[in-house]
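A structural walkthrough
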Amino acid sequence: MVITKRGLIVGATAVALTAVTVTGAGLHLSQSQAFFQESPKELVDEVWQIINRNYVDATFNQVDWETVRQEYLNRPYTNKEEAYTAIQEMLEQLGDPYTRFMNPEEFKSMQIDTSGELTGVGIQLSQDEETKQLIVISPIEDTPAFSMGIQARDAILQIDGQTTEGMDINEAVSLIRGPVGTEVTLTIERVLDEERGTKETKDYTIRRERIELHPVRYSYQESPMGGVGYIRLTNFNAIAAEEMRDAIEDLEGQNVSGYILDLRSNPGGLLHSSIEIARMWLNSGSIVSTVNRVGEMDLQSANGRALTNKPLVVLVDGGSASASEILSGALRDNERAVLVGSKTFGKGLVQSVRGLGDGSGLAVTIAKYLTPNGTDINQEGITPDVAIELTEDQQKLLRGDRTLIGSTQDPQYTKAMEVLRQEISTAGARRIPAN
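Here we summarise the structure given alongside this text. All of these numbers come straight from a predicted model, not from anything done at the bench.

Parameters and conventions
Residues numbered from 1 in each chain as written. Predicted model: local features only at pLDDT ≥ 70, side-chain atom pairs only at ≥ 80, totals over all residues. Heavy atoms only, no water. Buried < 20%, exposed > 50% of the residue type's maximum accessible area, 1.4 Å probe, protein only. Helix = DSSP H or I, 4+ residues; strand = E, 2+ residues; numbered from the N terminus. Pairing = 2+ DSSP bridges. Core = buried A, V, L, I, M, F, W, Y, C linked by side-chain atoms within 4.5 Å. Contact = heavy atoms within 4.5 Å. Axes fitted to C-alpha atoms, helices over the stretch in contact; angles between N-to-C directions. Parallel < 35°, antiparallel > 145°, perpendicular 65-115°, else oblique. Left-handed = near helix turned anticlockwise from the far one by under 90°. Arc of directions from axis to C-beta. Polar contact = N/O pair within 3.5 Å; in protein donor to acceptor, adjacent residues only side chain to side chain. Patch = residues over 30% accessible without salt bridge, like charges linked within 9 Å, V, L, I, M, F, W, Y side chains within 5 Å. Areas by Shrake-Rupley, 256 points an atom, 1.4 Å probe, with all protein chains shown as cover. Salt bridge = Lys/Arg side-chain N within 4 Å of Asp/Glu carboxyl O. Lys, Arg positive; Asp, Glu negative; His and termini not counted. Charge placed at Lys NZ, Arg CZ, Asp CG, Glu CD.

Let's shift gears to the pairing of strand 22 (residues 361-370). Taken residue by residue, a regular strand's side chains alternate between the two faces of the sheet. The buried fraction of strand 22 amounts to 9 of the 10 residues, a majority that puts the element mostly inside the structure. Both strand 4 (residues 100-102) and strand 22 contribute to a ladder of 3 bridges, which runs antiparallel. Bridge assignment links F101 to a residue of strand 22, and that residue is L362. Pairing of strand 17 (residues 286-292) with strand 22, which is carried by 4 bridges, proceeds in the antiparallel orientation.

The next point concerns the nonpolar core. Core analysis: the largest hydrophobic core is formed by 65 residues, its most contacted members being I51, I231, M244, L261, I277 and W281. With residues near it in sequence (within four places) discarded, L261 still touches I231, M244, W281, L312, V313, V314, L315, L327 and L331. Judged by nonpolar contacts, the second largest core, of 21 residues, contains Y98, V136, I156 and I159.

In this section: the packing of helix 2 (residues 40-54) against helix 4 (residues 80-92). Between helix 2 and helix 4, the shortest axis-to-axis distance is 8 Å and the interhelical angle comes to 25°. Between helix 2 and helix 4, the angle falls in the class roughly parallel. You can see that helix 2 and helix 4 cross each other, and the crossing is right-handed. Only K80, A83, Y84, I87, M90 and L91 of helix 4 make contact with helix 2, whose side of the interface consists of P40, L43, V44, V47, W48 and I51.

This paragraph deals with helix 7 (residues 169-176). The complete set of buried residues in helix 7 reads I169, N170, A172, V173 and I176. Down the axis of helix 7, the buried set is contained in an arc of 160°. They therefore lie on one face. Residue D168 occupies the N-cap position of helix 7, its side-chain oxygen lying 2.8 Å from the main-chain nitrogen of E171.

With that settled, the discussion passes to a negative patch on the surface. A surface patch of negative charge is lined by E242, D246, E249 and D250. Counting through the fold element by element, E242 comes out in helix 8 (residues 240-253). Overall, the relative accessible area of 53% leaves E242 in the exposed class.

Here it is, written out as structure tokens:
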């Protein structure tokens, strides 16, 4: 998920099972709530107007959007629930699972999704655009889902025995969330061998918890080339940039020779957070651009205030999505870092999330984002410079004991250290004057 400060831009094919603080237009709604509750047809038209002005596809999925408006405004509505149903039907015609309506309760939950506190099981969801299956983007570290062994790209077939076929993301979120201390059973389908098409189905009963999320963990690690700063970033929430700055400044004070930035299983978060963090590593160059339906581009760039210029290796995998892909793409395209690991998730759509007149909310796909080299990674992902896949056994080992992540028993980390050693050596050679 990617959200901007400017009216909330979410570059997301995902809904977080966490909580988000939403700022921007449409949040102070008390004066207009009564109007929309008494005039539900006005709410239907408000949603139609937002889509008409902003949706990324000017053809509206080959739908005559003007005719849609007339059809839904000609209906009688006796209460807001009928309007909610009509809005959902109207949006389904776009064929875009990420343009979605949220009732007031769902929207309120989203508003606390990036605050740094999670209530639930600790996963983030997307919906496969072709199969419509609910797919796990990534389990969040140190959460019940992570501890139980839920993995990126797992498909959720059932929630407490209820099939997810035909279920939208908001409904799934409502079913998975619940009071702290209660349990939810997820029926998971996992691909074991993609080439052979072998799969397994398993039930996971997970206890819901309330967890304070600190997105940055870091350490000073000894190596043959001197001290190395290892920084693991697990999500881009409201405090991620502040914690990243503290980590870099502390490690710079310890005079490290280089850095490993670990973005594995990081499903994304706030767009402005990813841009702030990119600027800590990049002194110049573009970071990300977004392109809307008429081709207008908004470009975000470095501001000349990088905290370090030391060699950097970035770890990524299939759970690195959205804001993680913005950051890793910016660092690689500007030749600031070498990417090591496996192909990223591939989530490059941009959404605007805004409050509506009655306290409900609407997420609208308004653009796509491009890396500095103009690469559209949506559904494609980013292929690392140095590819190394983890076996199923290696993944289980690291999930079972998270203290092994970023250790010599972590093959991707070991490869990153090897690459960093080469980068430090090359940087040192450039600084040595020729005789």
